[in-house]
Amino acid sequence: PFTDKEMHTLENMLCALVYPLRNALTYKQAVELASRDPLTGVGNRRYFDRMLDTHWRSAEAHDRDLALVLFDVDHFKTINDSLGHDVGDKLLKVVASRFERLIAADQIVARIRAAEFNLFMEEVIERLPWVR
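The structure presented is a predicted model; accordingly, all values stated were derived computationally and were not measured.

Cut-offs and rules
Residues numbered from 1 in each chain as written. Predicted model: local features only at pLDDT ≥ 70, side-chain atom pairs only at ≥ 80, totals over all residues. Heavy atoms only, no water. Core = buried A, V, L, I, M, F, W, Y, C linked by side-chain atoms within 4.5 Å. Buried < 20%, exposed > 50% of the residue type's maximum accessible area, 1.4 Å probe, protein only. Helix = DSSP H or I, 4+ residues; strand = E, 2+ residues; numbered from the N terminus. Contact = heavy atoms within 4.5 Å. Phe/Tyr/Trp six-rings, centres within 6.5 Å; stacked < 30°, edge-to-face > 60°. Lys NZ or Arg CZ within 6 Å of the ring centre and 35° of its normal. Salt bridge = Lys/Arg side-chain N within 4 Å of Asp/Glu carboxyl O.

Draft legend 1. A look at the nonpolar core. Counting 15 residues, the largest nonpolar core has Val 73, Leu 92, Phe 99, Val 109, Phe 117, Leu 119 and Met 121 as its most contacted members. Looking at this core, the elements with two or more residues in it are strand S1 (66-72), helix H4 (85-102) and strand S3 (116-122). Considering every element that reaches this core, the biggest residue donor is H4, with four residues. If we ignore the near neighbours within four places in the chain, the residues touching Leu 92 are Leu 39, Thr 40, Val 73, Phe 76, Arg 111, Ala 114, Ala 115 and Phe 117. The next biggest cluster of nonpolar side chains, apart from the first, holds seven residues, and it includes Tyr 47, Phe 48, Met 51 and Ile 108.

Structure below.
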């Protein structure tokens, strides 16, 4: 058990740590939000560019393959114009979530523009059902 003096010292130390810890968590959250597409929750263009550079260097250093898949939802403008933006948004969310299920946790999917997604992955080409 702690003495009263030790408890008082510990309480003071914890109080001194609360604000820096809160600031660090707020900063981490801001960085994560700045890297995510707000609609789909997948990475955004900034995140994709940063991660591509990191994974490219890693693949080169370890002599591994790096696959880059560029994906565009066909006729997306027509879908938005005829069925409405709510339907278009739902479609983009479904596409993003399906991509996230296909790739491993350390692989990347990002929404680059309205209906354009980029994926890159190291040595997991066989995970994609349309690649044979």
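Draft legend 2. Expanded view of the packing of aromatic side chains. Applying the stated rule across the entire model yields three aromatic pairs. Each ring, one from Phe 99 and one from Phe 117, has its centre 5.8 Å from the other, and the planes form 55°; the classification is tilted. Taken together, the positions of Phe 99 in helix H4 and Phe 117 in strand S3 put the pair 18 residues apart, joining distant regions of the chain. In terms of burial, Phe 99 and Phe 117 fall into one category: buried. Within the aromatic cluster, the residues linked to one another by ring pairs are Phe 71, Phe 99 and Phe 117. Sitting above the plane of the Tyr 47 ring, Arg 36 keeps its charged end 4.8 Å from the centroid.

Draft legend 3. The pattern of salt bridges, seen in detail. Counted according to the given criterion, the structure contains six salt bridges. Note that Arg 113 and Glu 116 form a salt bridge whose closest N and O atoms lie 2.8 Å from each other. Taking the relative accessible area as the measure of exposure, Arg 113 reaches 48% and is therefore partly exposed. We classify Glu 116 as partly exposed; its relative accessible area is 27%.

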